[in-house]
Amino acid sequence: MPKPSKAALKKHREHLLALLQHLGVKIERMEDSVLRSDGETSADEVDEFGSDTYLQEFQVGLIENEDEIRRQVFEALERIETGTYGRCEACRGEIPTRRLEALPYARYCVSCQQKAENGELGDD
Ligand SMILES: [Zn+2]
């Protein structure tokens, strides 16, 4: 299995750091908007990340549990440091670059993620 290139890792790392920064701002804004019951996405946010899907996944995740996402972002940054980034934690397979670009803190490949969501994934 080819490891992600240094350039790709650098890109993912920058992505994660931007995400982390964005999360902080976002959480504040979200708390704001929750108070006003207004969860609208502004156009400049879409431009900033250049991808609706990414933003959508990001926001869904954020609404589900923003602290959990933040923790996962930190873990992903750690994995970059330890050289295990881009590897599925369940099957040890390679997580496709496209998936990492959409979800830079992804822990699992697509099929393991589905298993995890269906509760089919073992403890190991
Ligand atoms: Zn997997």
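Structure's up top.
The structure reproduced in this document is the subject of the present report. (Residues numbered from 1 in each chain as written. Predicted model: local features only at pLDDT ≥ 70, side-chain atom pairs only at ≥ 80, totals over all residues. Heavy atoms only, no water.)

## Section: the overall build of the chain
Here's step 1: When its secondary structure is counted, the chain shows 5 helices and 0 strands.
Here's step 2: Secondary structure elements in the chain, listed N-terminal to C-terminal, are α-α-α-α-α.
Here's step 3: By residue count, 32% of the 124 residues in the chain fall in the buried class.
Here's step 4: When contacts within the chain are restricted to residue pairs at least 6 apart in sequence, long-range pairs at least 24 apart make up 61% of them.
Here's step 5: As displayed, the chain has an accessible area near 8,000 Å², and 48% of this comes from carbon and sulfur atoms. (Helix = DSSP H or I, 4+ residues; strand = E, 2+ residues; numbered from the N terminus. Buried < 20%, exposed > 50% of the residue type's maximum accessible area, 1.4 Å probe, protein only. Contact = heavy atoms within 4.5 Å. Areas by Shrake-Rupley, 256 points an atom, 1.4 Å probe, with all protein chains shown as cover.)

## Side note on the nonpolar core
Within soluble globular proteins, side chains that are nonpolar generally end up buried alongside one another.
Here's step 1: By size, the foremost hydrophobic cluster in this structure holds 19 residues, and its most contacted members are Leu16, Val73, Tyr85, Cys88 and Tyr105.
Here's step 2: Listing elements by their share of this core, those giving two or more residues are helix 1 (6–36) and helix 3 (52–82).
Here's step 3: At 5 residues, the largest contribution of residues to this core is made by helix 3.
Here's step 4: Sequence-distant contacts of Tyr105, defined by excluding residues within four places in its chain, comprise Leu16, Leu19, Ile69, Gln72, Val73, Ala76 and Arg79. (Core = buried A, V, L, I, M, F, W, Y, C linked by side-chain atoms within 4.5 Å.)

## Thoughts on the coordination of the zinc ion
Here's step 1: Cys88 (SG), Cys91 (SG), Cys109 (SG) and Cys112 (SG) make up the full set of protein donors to the zinc ion, lying at 2.3 Å.
Here's step 2: Its 4 donor atoms give the zinc ion angles of 104 to 116° at the centre, a pattern that matches the tetrahedral case.
Here's step 3: Mapped onto the polypeptide sequence, the residues donating to the zinc ion form the spacing pattern C-x2-C-x17-C-x2-C.
Here's step 4: Residue classification places Cys109 among the buried residues on the basis of a relative accessible area of 10%.
Here's step 5: Owing to a relative accessible area of 3%, Cys112 belongs among the buried residues under this scheme. (Donors = N, O, S within 2.8 Å, 3.2 Å for Na, K, Ca; no water. Tetrahedral: all angles 85-135°; square planar, octahedral: opposite > 155°, others 65-115°.)

## Digging into the side chain of Arg79
Here's step 1: Position of Arg79 among the secondary structure elements: in helix 3.
Here's step 2: Of the residues examined, Arg79 reaches a relative accessible area of 8% and is grouped as buried.

## Some words on the side chain of Arg99
Here's step 1: Tracing the backbone shows Arg99 in helix 4 (residues 97–102).
Here's step 2: Among the polar contacts made by the side chain of Arg99, one reaches the side chain of Gln113 at a distance of 3.4 Å.
Here's step 3: The contact partners of Arg99, leaving out residues within four places of it in the chain, are Ala106, Tyr108, Cys109, Val110 and Gln113. (Polar contact = N/O pair within 3.5 Å; in protein donor to acceptor, adjacent residues only side chain to side chain.)

## What about unusual backbone geometry?
Here's step 1: Non-glycine residue Arg92 carries a positive phi angle of around 65°.
Here's step 2: Tracing the backbone shows Arg92 in the loop between helix 3 and helix 4.
Here's step 3: Given a relative accessible area of 53%, Arg92 falls into the exposed group.

The values reported here are purely geometric and, on their own, carry no functional implication.
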